[in-house]
Every structure is written in C-alpha cells, then in structure tokens.
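Chains, contacts and geometry: an overview
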Amino acid sequence: MAMPANTNQRWRFGVYEIDVRNAELRRGGTPVKMREQSFRILIHLLEHAGEIVTREELRRLLWPSDTFVDFDHSLNTAVMKLREALGDSSDAPLYIETIPKRGYRFIAPVSPPVNLPSGTANSDGDSASLPVSETTGTQNSASSIGERSVPNRWLGRSAAILGLSLLVAVGFAAFLLARHTPASRDENQVSSTLQIVPITTAPGDAIFPTFSPDEREIAFAWDGTERRRYDIYVQLVGSDMPLRLTYSKSGLVGYPAWSPDGREIAFTRCDDGKSDGGVYVVPALGGAERKLTTVGCVDTLPGPLAWLANSHGILMIDHCSADGPFGVVLFSLATGEKQCLTNSGSPGSSESAYRFSLSPDGRTIAFTRRVASVCCNIHAVSLSGGAPRLLTADTRMGCNTLSEFRCGALMWTPDGKSIVFASNRATLPSLWRVSANGGAIERETTYPTIGSFSKTGRRLVYSEKNSAEVAAIWRADLATAGGPVLGNRKLISSQYPESDAQPSSDGARIVWMSIRTGSEELWASSATGESLLQLTRLNRYSGTPRWAPNGKWIAFDSYTESGAQIFVVDSEGRNLRSITSGTYDNAVPSWSRDGKSIYFASKRTGSWQVWRHSLENGAERQLTEHGGFDPFESYDSKAIYFSKFDQAGIWSIPASGGPELPVVADKPQFGYWGYWAISEPGLYFLDLAAEPRPAIEFYRFSTRRTSPVLTLDQRPEREEPSLSATMDGKTLYYTQHDRQNVIKMMEISR
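Residues numbered from 1 in each chain as written. Predicted model: local features only at pLDDT ≥ 70, side-chain atom pairs only at ≥ 80, totals over all residues. Heavy atoms only, no water.

**Details of the sheet that holds strand β39 (residues 542-547)**
We apply this condition: Any two strands with at least two DSSP-identified bridges between them are counted as paired. Per the convention used, a helix needs a DSSP run of H or I reaching at least four residues, while a strand needs a run of E reaching at least two, with both numbered from the N terminus.
Across the sheet, 4 strands lie side by side as β39-β40-β41-β42; this open sheet has antiparallel pairing. The open sheet terminates on both sides in strands that have one partner only, identified here as β39 and β42 (577-578). Inspection of the sheet shows β39 paired to strand β40 (residues 553-560) by 4 bridges, in the antiparallel sense. Within the sheet, the bridge partner assigned to Ser542 lies in β40 and is Ser558.

Quick look at the structure:
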C-alpha cells in the first residue's frame, strides 16, 4: 500500500507505538492486527493531530477517483475497525473523535515522530530513552491500599482496598514514610544511581501499580478524574494517556497481576452486598472480562494476586476452609482446584494471612499473618509446600497496625535475599528489611516505599500520596432533623488521621479516635473541638468510642492478646476496666438507653452477631441470628438498629426479641457499615452512589421516607464508624478526606 514519504518515522501516543516503515501498530511491544485501510487512516490522522480530517479527504487518500466502492459504508467500517484496534469508543473517545457530517479528529496527545536511521534494525526493545529527573532531598510517600485501612481492626477496618480496594490496598500525610535521599546499600555507590520518574499526573487515586513482563507498561487501579469508582487501567511508560480496561458498576477492584505473556491482566473484585468476591481476567489490549473463581475478601477488601511464571496457576488470598482463616491459596487454571499453602488455625481463628509477595525466582512466598493481638508478622513458605518459617516476631500490642499498611505491606528485594516491609515497630511508620532466612531487622533506606519491581529488578513502580490532607472530623449543623444545612466545617484535624467521633447524650462533648501519638487512642473535647483531653494510653488499637447516657463513662473496643475486647473508661480517662473476655473478637459497643447494658458485636459463633451484656450481673445474650454489627438502641428503647459487616443496609430487631427486618435497603453500601447514625427522629446514612458525589441521607421514622441532606466534598471513610448524630438530629459528625495518589517509578542504574 502507498505510505507516507517518510517511512522511517515512529509515532507514540497513549500506550501505542507505530512503526511506519514496517506498517506495524504495537501496544506495549505486542503487535496489534489492523486492516491496511485502517492503518493508513491512523497515520493520516496522526499527521494532522488536533485538526479535522474530512471524509472527502480520507476518500481521496484511500480510493482513487476511478474506484467504484460504497464509500460511506467502507469508510465507516475502516474507522470502526481502527477504533476496535485501539480499544476506543465513538461515544467516549480517547483517540478519535467523530465530527458529525464532516469527518474525524485525533484528540489524544501525540509524541513528535522519531525519524529512525536508515537500516536500523527494528525491535520491540528499541524505544526512545525515557527522560528521568535525578532525585534529591526527602522523598515522602505512603503505601496505598485503595481505601484507608487498619489491619483487621478486629475485622479489619480498612481504608483501604482497593486499597482495595481491593483492596487492596488498599491515606494520611503525617504518616508518610520517613525518607532519606535514595542511596544504595553499597556505600561506594552514590544516590545519583537512583532516579525518580513520574508515571501518572492526573488527579485521583492511582494505586496498586505493577509492571508488564516486558517492563514497558504499568497496570494499576484508579478512581478516575471524577473520583467515582476504581477500575483497572494500563499505561505505557513515558506516556501520559492511560487505557481503561474495566468498567465496574459495583464493588471494589484492586491488585492487577499480568499474565506471564503479557496478554491478560488478573484482578480481584469485592462486590457490593456480598461477603465473597471474584478473581477476573481482562485482555491487556482491552475487551470483555471473565470470572475465574470466587474468592474471599479480607475485611471486605480485595486481596493481592500473583500469576505463576508457568501460567498454570494464580496465587491469591482466600479462605483455607469454609469460614476458616485466610491464607495464601494456589488456584489451578487447568482444574479450578485450590490448595492452601499457609493454613493455620481453626474456623473463626484470628490468624489470617493479609498480604504476600512472590520471590524473584518464583520459589518462595513471603506473607504477613495477623494474630489475635493484631501483631502482624512476616513468614515465608516454599511454593512447593512445607511449614511456614517465621521471619519476624513482634509481640507488643498494636504492632504493625497503623493505617495504610494493612498488616504490613511487603516486597522482595531484586536479589531475592531480603524482604522489605512497612511497620510502626518504632512508633512512627517506616520501612524495614529482614533477611529471607530470618535474623536481625534493619532500617531500610534504599527504597522510597513498598512497590513492585520490574522483571529485571532495575525499576520500581509505586504509589505516592499527592495530597497533604488526611482524614479529619467535620461537623454539620442543620435547621431541623434531616433539614437544611446551616453550617458545615472541619472540626478536628491535624497531621494525623482523626475519626470515629461520637457526641455525648447532651451534645456538649465528643469523643473520637486519633493516631497523633503513634497508635490509635481515644480523645475527648467540647462539641466545638476545644479543651482536648487524651483518655487512653494503651499503646495499641483502641476505637469506636460510645458515651454512656449519663455522660460519665465511655465504652470502646481494644486489642488484647486474645483479640478485641470491650472496655469502659470514665470521661476523664480514669478507672479503665474490661467488660468482655474470651478467645474471640468482641467489638463496636454501644449503651442501652437506661445505661444498664452494653450492646456489641461478637464473632464467638463463627460469624458477626449482635449481643447484649448486662452490667448488673454480667449475663450475655445473643440477639441476632442472621448477621449483625454496629448496634444502637432506639431512643424509645423499643428496637435495636444495626448494620452488617459484609452486607449493605440497616436492619432492626425488637429489643425484647423478634424478627430481624430491613429498614433501609442497600444503604449504606457494602464496606461502609459504620457510615450511619441514629437520632430520635430518624436515621442518617451514606449513599455512596448519589450524584454528583456521595451524600448523607435521612430516613424519618414517622413517614418512612428518605430525603437527601448533605453532599460530601471528599471521600467518605470505608470500614469506619464515621457518622454520628446528636439526639435531636440537628448536628452531624462525619469523617472525610482527600485521598489522592500518583504513580512514580524509580530507575536503578548499575
């Protein structure tokens, strides 16, 4: 076919590269099949990028004047095939825009054509050198997980998924990892051997990046510029135009994993309203996704994946038995069978695996496992089987639990000799490393954060926080319950995450959870955020505080060696005592209106159910049979309202016992069990799917009708009790934050 005069040109746009001389379109080094006419149209559009190319101009280009052809049909077909090759859409074009009744226009940024020397051999590796900027000074970053998360948080409150959710993986600026100028561990090498290159710059939350096998592309999860929902994208290194692969309508995606041949990408999705999610694959060039298998979602967030080099299986986090703990599971692509490689504990056990990383040689799995005290340690196990080996041994309460790290994000060093992990073992979170054989734990100063290495080990891609704003507590004042908003302001904020605010019965004080001391502790203040007082100094996770009706006591949950238990402390931070005990988790307490009982959720039966504890005689009674979490008694003491940890919606049950009935269907959505509040006139709850942004709505008991109240400006807190209301319903407290991450790449010169 006739080609442009300069056939030595090479074009780049998005994730694509065009070699004119060889009439070849490549995506990440992989040739893309295309019709001759479609290819010629593409070249012509590139030569006139940003300009309107008329249909008549394309007719003269493709068909001589003496050629008899159904021009309209043929041109429409050629353009349609071109869009199919590019994974583009006429309705929402990334590359080719239709100008009605006139022609077409190439709208994506195009790199200036490179003129290749005559006779230069063509190879997939012959790419232009990537511009890099030398890194100087401190590199602040955070390992993202999709949603803010606290490992387990007895049930793994997360932030999460994916961070991610999902998760996962699933943010806050004050806990950006302590950084030094990147330097090799070899003292003879200088920091200039490490260089940082930005990969993404668009607004939003870009997380879970991972290299393609040929190191030319990055797959990642991103919530897009509109900040609505996470999906999987791919982007060519050196390009600023990502290609969207998934179009999720529900659930949370996270942790993409490339197939060894680079043709497919696997990912986990945790679906709304379901306790289990699924593992899916989608073509790396774009196309329909398909489900491989169901998978458990740890704390409702998607877990990591790893595709084995022989393409025969995929590693994932899943239940090792029905209702049993989570472990690293090998899924056979040939038979669909699952083999647990890290099983330990019995059904209902708190010893679950959370994260894992496959060694560079593909023979050993390093994984994190949480015990009842929420300490999170690193183990290693051979892919071929055998007993896991303990590499770290933290025993203090609260170790490795701070938000963002979700039971210790980890990665192997390229030489396979060490494992780098995130931990707050020295109070402030930072990076550490331990030998793959165990031994001394040392500070890590080479790498900026946890990420994903390329196959050669010469590139590290990671997610870095791009916003200084962390989770903060806001206060909204309403004219009436469910009525117009009179005022809305940020009430409690610092360089540390602040959440879980709850007002006292008289509305004069609030209590909340803060990480400003290095671990999750309880604080109290006036309702206006003044006169701050630290209530607990347990140096371990303590959260979900709830006031007694008389305002003199506060119930909360905190980790012990046997798991989460319910405690009470007086309003001045004295007279701490435990309320529950046992080898099972008891969490999210609240008081009866007469102050004689405490409601809470317990997993002693193997699933979360609502229980009541009598403060007079210590007797405990199970109230729900079909799942229950985060209970509150109505102000008339006639009903108990509750959400569910792994389902959307709000339910109720008569205080004297009876049927468990839904009150609000499908809201708050899956994973937002704590984003609802009770007042005397009705219930407030989150609608994550509201347009244009997530909103707080009000359900009035007297009319059983729902109305919108407040649109959120930022992202709501997943897996947190992040919404509360005063008794009259005129004041709301809620948590939101601006979660934004960009993807960067470290190049390691040798």
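**A look at the sheet that holds strand β52 (residues 682-687)**
To be explicit about the condition: A fitted line through C-alpha atoms serves as each axis, taken over the contacting stretch for helices, and the angle formed by two N-to-C directions is quoted from 0 to 180°.
What the 4 strands build is an open sheet, ordered β51-β52-β53-β54; its pairing is antiparallel. Two strands lie at the open edges of the sheet, namely β51 (676-678) and β54 (705-711), each paired on one side alone. For this sheet, the mean inter-axis angle between neighbouring strands, taken without regard to orientation, is 20°. For strand β53 (residues 695-700) and β54, the ladder comprises 6 bridges, and the chain directions are antiparallel. Paired with Ala695 across the two strands is Thr711, which belongs to β54.

**Here's the deal with the packing of aromatic side chains**
Going by this rule: Centres within 6.5 Å make a pair out of two Phe, Tyr or Trp rings, where for Trp the six-membered ring is used; the pair is then stacked when the planes are under 30 degrees apart, edge-to-face when over 60, and tilted otherwise. A ring is considered to have a charge above it if a Lys NZ or an Arg CZ atom is located within 6 Å of its centre and within 35 degrees of its normal.
Taken as a whole and judged by the stated rule, the model has 19 aromatic pairs. Aromatic side chains Phe629 and Trp673 sit 4.8 Å apart centroid to centroid with 85° between the ring planes, which places their arrangement in the edge-to-face category. Taken together, the positions of Phe629 in strand β47 (residues 629-633) and Trp673 in the loop between β50 (661-664) and β51 put the pair 44 residues apart, joining distant regions of the chain. Taken together, the ring pairs connect Trp608, Phe629, Phe645 and Trp673 into an aromatic cluster. Just above the ring of Trp523 sits the side chain of Arg516; from NZ or CZ to the centre is 4.9 Å. It is Arg593 that lies over the ring of Tyr635; its NZ or CZ is 3.9 Å from the centre.

**Regarding the pattern of salt bridges**
Heads up, the condition is: Salt bridges are defined as contacts in which a side-chain nitrogen from Lys or Arg sits within 4 Å of a carboxyl oxygen from Asp or Glu. Categorising residues by exposure relies on relative accessible area from a 1.4 Å probe, with only protein chains included: less than 20% of the type maximum marks a residue as buried, more than 50% marks it as exposed, and the intermediate range marks it as partly exposed.
According to the stated counting rule, one finds 25 salt bridges in the structure shown. The salt bridge partner of Arg516 is Glu498, with a shortest N-O separation of 2.7 Å. Of this pair, Arg516 sits in the loop between β36 (509-514) and β37 (521-526) while Glu498 is found in strand β35 (residues 498-503), placing the two residues 18 residues apart along the sequence. Assessed through its relative accessible area of 23%, Arg516 is described here as partly exposed. One network of salt bridges, with partners in common, ties together Arg12, Glu17, Glu24, Arg26 and Arg216.

**Topic: helix α1 (residues 36-47)**
So the rule is basically this: The span you would expect from a helix comes to 1.5 Å times its residue count less one.
Compared with the 16 Å implied by 1.5 Å per residue over 12 residues, the 17 Å span of α1 between its first and last C-alpha is a close match. Listing the buried residues of α1 in full gives Ser38, Phe39, Arg40, Ile41, Leu42, Ile43, His44, Leu45 and Leu46.

**Comments concerning the state of the cysteines**
As a reminder of what qualifies: The disulfide definition used here is simple: a pair of cysteine sulfur atoms within 2.5 Å.
For the structure shown, the criterion picks out 2 disulfides. Across the disulfide, Cys270 is cross-linked to Cys297 (sulfur-sulfur distance 2.1 Å). A torsion of -110° about the S-S bond marks the disulfide between Cys270 and Cys297 as left-handed. One end of the pair, Cys270, is in strand β16 (residues 264-270); the other, Cys297, is in the loop between β18 (290-296) and β19 (305-307), and 27 residues separate them in sequence.

**Re the pairing of strand β17 (residues 276-283)**
In terms of burial, β17 is a largely internal element, 6 of the 8 residues being buried. The sheet contact formed by β16 and β17 spans 6 bridges and is antiparallel. Its bridge partner lying in β17, Ala266 is registered against Val281. One ladder, built from 6 bridges, connects β17 with β18; its direction is antiparallel. Across the sheet, Tyr280 pairs through a bridge with Lys291, a residue of β18. Connecting β17 to the antiparallel partner β18 that follows it, the hairpin turn spans 6 residues, and Gly286 within it adopts a positive phi of roughly 100°.

**Details of the packing of α1 against helix α3 (residues 71-86)**
Helix-helix packing is described using two parameters, namely the angle between the two axes and the distance between the axes. What counts, and what does not: The scheme is simple: roughly parallel for angles under 35 degrees, roughly antiparallel for over 145, roughly perpendicular for 65 to 115, oblique for anything else. Between two residues, a contact is recorded if the distance between any of their heavy atoms is within 4.5 Å.
One can describe the packing of α1 onto α3 by two numbers: an axis separation of 8 Å at closest approach and a directional angle of 80°. What the angle tells us is that α1 and α3 run roughly perpendicular. Residue-level inspection shows Gln37, Ser38, Ile41, Leu42 and Leu45 of α1 in contact with α3, the latter providing Leu75, Ala78, Val79, Lys81, Leu82 and Leu86.

**Topic: the packing of α1 against helix α2 (residues 55-62)**
Formally: Helix crossings are classified by the rotation of the near helix relative to the far one: an anticlockwise turn of less than a right angle makes the crossing left-handed, while a clockwise turn makes it right-handed. Ten residue types, Ala, Val, Leu, Ile, Met, Phe, Trp, Tyr, Cys and Pro, are classed as nonpolar, four, Asp, Glu, Lys and Arg, as charged, and the remainder, Gly among them, as polar.
It is the contact of α1 with α2, at a shortest axis distance of 11 Å, that shows an interaxial angle of 125°. One element, α1, and the other, α2, form an angle in the oblique class. Every pair of crossing elements has a handedness; the one defined by α1 and α2 is right-handed. Taking contact as the criterion, the partners of Gln37, Arg40, Ile41 and His44 in α1 are, on α2, Glu57, Leu58, Leu61 and Leu62. For the contact of α1 with α2, the class distribution of residues is 4 nonpolar, 2 polar and 2 charged.

**Some points on the environment of Arg10**
Within the secondary structure layout, Arg10 lies in strand β1 (residues 9-13). By relative accessible area, which is 3% here, Arg10 ends up buried. Residues Arg10 and Val20, spaced 10 residues apart in sequence, show a C-alpha to C-alpha distance of 6.1 Å.

**So, α2**
Heads up, the rule is: Note that the arc is computed from the directions linking the helix axis to the C-beta atoms.
Burial in α2 covers these residues: Arg55, Leu58 and Leu62. Buried positions in α2, seen along its axis, are confined to an arc of 60° and lie on one side of it.

**So, the confidence of the model for the chain**
Under the convention used in this document: pLDDT is a per-residue confidence score from the predictor, ranging from 0 to 100.
This prediction gives the chain a mean pLDDT of 82; 81% of its residues lie at or above 70. pLDDT under 50 marks residues 1-6. Its contacts with residues more than four places away, or in other chains, come to 12 contacts. Low confidence marks residues 118-192, where pLDDT is under 50. Its contacts with residues over four positions away, or in another chain, come to 349 contacts.

**Quick word on unusual backbone geometry**
Note: most peptide bonds trans; most residues except glycine with negative phi. Lys667 connects to Pro668 through a cis peptide bond whose omega is -5°. With respect to the helices and strands, the residue Pro668 is situated in the loop between β50 and β51. Glu691 connects to Pro692 through a cis peptide bond whose omega is 5°. If you trace the backbone, Pro692 turns up in the loop between β52 and β53. Of note in this structure, Tyr255 is not a glycine but carries a positive phi near 50°. Examined against the element boundaries, Tyr255 turns out to sit in strand β15 (residues 252-258). Look at Tyr255 and you get buried, because its relative accessible area is 11%. Although it is not a glycine, Ser531 sits at a positive phi angle of roughly 60°. Mapped onto the elements, Ser531 comes out in the loop between β37 and β38 (533-534). We classify Ser531 as exposed; its relative accessible area is 63%.

**What about the pairing of strand β41 (residues 563-570)?**
The buried count for β41 comes to 8 of 8 residues, which makes it a mostly enclosed element. Where β40 lies against β41, 8 bridges are found, and the strand directions are antiparallel. The residue bridging Tyr559 from the neighbouring strand is Ala564, located in β41. Taking the residues between adjacent antiparallel strands as the criterion, β40 and β41 are bridged by 2 residues.

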